[in-house]
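Fold and contact review
These are the residues of each chain, in order.
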Amino acid sequence: MRITICFGGSILVPGNPDLDCIRDIVRTVRELKSRNHEVLIVVGGGELARVYINAARELGIPGVDQDQIGIAATRLNAQLLIAALGDIADPTPATVFEKAVRAMLRGKVPIMGGTTPGQTTDAVAAMLAQVSKSELLIFFTNVDGVYTADPKLDPNAKKLDRITPDELAKLVGTEFKPGMKTIMDPVAVKIIQRSNIKTIVLGKHEIPRLPEILNGAKHTGTLIAR
Ligand SMILES: Nc1ncnc2c1ncn2[C@@H]1O[C@H](COP(=O)(O)OP(=O)(O)OP(=O)(O)O)[C@@H](O)[C@H]1O
Ligand SMILES: [Mg+2]
């Protein structure tokens, strides 16, 4: 199966880089490759990006330049994962989708961070899934799925096993600022609505189970589908 996987910065770099999580990712991606899956990866910025974006904001640096600084942070995360994956990874973070797709077609695992100001890595992942004609798009993050509201702010929030792209669009709204904490940025949701790609949001504890999940095993996350 051809899949695009987004590893949220919140799990890669919750503060310092999470080495156990990175080791889990490496083991899982190797396993997926050995089972002949085609894998494309996008990584988020996490605390690293947020610390730098906040510093830029406090220095009065304009939004576009804040974004560039955030993108640089995502690429550092990408470079760390590339180095941890070794041989199977394309050696530099792809900055355009075509390069990532070409690397995938050569049998390598491309890893992208951010691409252009104004676009989050959620949107990059959704676009990469579309451009690469992936069968499945997976988001790993620090919550175990999509809830009716932010579970860290609302104790009555309930996890959804399934949600349609249209319902998700209503849930996330339209407002987005760099570094904001939403389950998925509205641009990514729009791309999923348009392309109708099957998408799953999973907690990081499911990373080691990804090979079985692709084989049809049950998961604890949220399926986004019509
Ligand atoms: N409806 C919702 N369902 C689940 N989580 C939500 C929801 N709305 C907001 N959140 C928040 O979104 C957070 C996850 O998004 P966040 O952007 O922090 O992580 P990430 O996307 O994995 O990392 P990064 O953006 O750095 O790549 C959760 O920790 C949760 O508090
Ligand atoms: Mg995010």
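Being a predicted model, the structure only gives us computed values, none of them experimental. (Residues numbered from 1 in each chain as written. Chains lettered and ligands numbered in written order. Predicted model: local features only at pLDDT ≥ 70, side-chain atom pairs only at ≥ 80, totals over all residues. Heavy atoms only, no water.)

**Here we look at the site of ligand 1**
Taken together, 22 residues lie around ligand 1, and Gly 9, Ser 10, Thr 141, Asp 150 and Lys 152 are the ones closest in. Considering ligand 1 on its own, with 640 Å² of exposed area, one finds that the protein chains cover 91% of that surface. Only helix H1 (9-12) and helix H3 (46-58) provide two or more residues apiece to the shell around ligand 1. Across the shell around ligand 1, the residue classes break down as 8 nonpolar, 10 polar and 4 charged. (Near = heavy atom within 4 Å. Areas by Shrake-Rupley, 256 points an atom, 1.4 Å probe, with all protein chains shown as cover. Helix = DSSP H or I, 4+ residues; strand = E, 2+ residues; numbered from the N terminus. Nonpolar A, V, L, I, M, F, W, Y, C, P; charged D, E, K, R; others polar.)

**Here we look at the pattern of salt bridges**
Scanning all chains against the criterion turns up 10 salt bridges. Linking Arg 106 and Asp 90 is a salt bridge whose minimum nitrogen-to-oxygen distance equals 3.2 Å. One end of the pair, Arg 106, is in the loop between helix H5 (97-105) and strand S3 (111-112); the other, Asp 90, is in the loop between helix H4 (63-85) and H5, with 16 residues separating them in the sequence. Exposure remark for Arg 106: the relative accessible area of 56% places this residue in the exposed category. (Salt bridge = Lys/Arg side-chain N within 4 Å of Asp/Glu carboxyl O. Buried < 20%, exposed > 50% of the residue type's maximum accessible area, 1.4 Å probe, protein only.)

**Some words on helix H8 (residues 186-195)**
Residues of H8 that are buried: Pro 186, Ala 188, Val 189, Ile 191 and Ile 192. Looking at the buried residues of H8, the elements they touch are helix H6 (121-131), strand S4 (136-141), helix H7 (165-172), strand S6 (198-203) and strand S7 (222-224). The residue sitting at the N-terminus of H8 and contributing the capping side-chain oxygen is Asp 185; that oxygen lies 2.7 Å from the backbone nitrogen of Val 187. (Contact = heavy atoms within 4.5 Å. Polar contact = N/O pair within 3.5 Å; in protein donor to acceptor, adjacent residues only side chain to side chain.)

**As for unusual backbone geometry**
Located in the positive-phi region is Asn 36, a residue other than glycine, with phi close to 65 degrees. Position of Asn 36 among the secondary structure elements: in the loop between helix H2 (19-34) and strand S2 (38-43). Residue classification places Asn 36 among the exposed positions, given a relative accessible area of 66%. Positive phi outside glycine occurs at Asn 196, with the angle close to 60 degrees. With respect to the element layout, Asn 196 can be found in the loop between H8 and S6.

**What about the pairing of S6?**
Within S6, 5 of the 6 residues are buried, which leaves it mostly tucked inside the rest of the structure. For S4 and S6, the ladder comprises 6 bridges, and the chain directions are parallel. Bridging across to S6, Leu 137 finds its partner in Thr 199. Taken together, the 3 bridges between S6 and S7 define a ladder with antiparallel strand orientation. Residue pairing for S7: Thr 199 is matched across the bridge by Ile 224. (Pairing = 2+ DSSP bridges.)

**Some remarks on the nonpolar core**
In this structure, Ile 5, Phe 7, Ile 41, Leu 81, Ile 111 and Phe 140 are the most contacted members of the largest nonpolar core, which totals 33 residues. Counting only elements with at least two residues in this core, the list comes to strand S1 (2-7), H1, H2, S2, H4, S4, S6 and helix H9 (210-214). Sequence-distant contacts of Leu 81, that is, excluding residues within four places in its chain, are made with Phe 7, Ile 22, Ile 25, Val 26, Ile 41, Val 43 and Ile 111. Counting 30 residues, the second-largest nonpolar core is a separate cluster that includes Val 42, Met 104, Met 127 and Ile 192. (Core = buried A, V, L, I, M, F, W, Y, C linked by side-chain atoms within 4.5 Å.)

**A look at the sheet that holds S4**
Strand order in the open sheet formed by 7 strands is S3-S2-S1-S4-S6-S7-S5, and the pairing between neighbours is mixed. Of all the strands in the sheet, just S3 and strand S5 (162-163) have a single pairing partner and so form its edges. Across 6 bridges, the pairing between S1 and S2 is parallel. In the strand pairing of S2, Ile 3 is matched with Val 39. Along the sheet, H6 makes contact with S1, S2, S3 and S4, crossing S2 at roughly 160 degrees. (Axes fitted to C-alpha atoms, helices over the stretch in contact; angles between N-to-C directions.)

**As for the side chain of Asp 18**
Along the chain, the position of Asp 18 falls in the loop between H1 and H2. Engagement of the side chain of Asp 18 in a polar contact is seen with the side chain of Lys 204, the distance being 3.3 Å.

**Looking at the layout of surface pockets**
Each pocket or cavity is described by its volume, and for the largest pocket that value is around 1200 Å³. Together, 50 residues line the largest pocket, and Arg 50, Asp 122, Met 180, Lys 181 and Thr 182 are the ones closest to its centre. Those elements that place two or more of their residues in the lining of the largest pocket are H1, H3, H4, H6, S4 and H7. Examining the composition of the lining of the largest pocket, we find that 5 residues originate from one element, H3, more than from any other. (1 Å grid on protein atoms, 1.4 Å probe; cavity = no way out; pocket = protein on both sides within 12 Å on 5 of 7 lines; lining within 4 Å. Points joined across faces, edges and corners; volume = space filled by probe spheres on them.)

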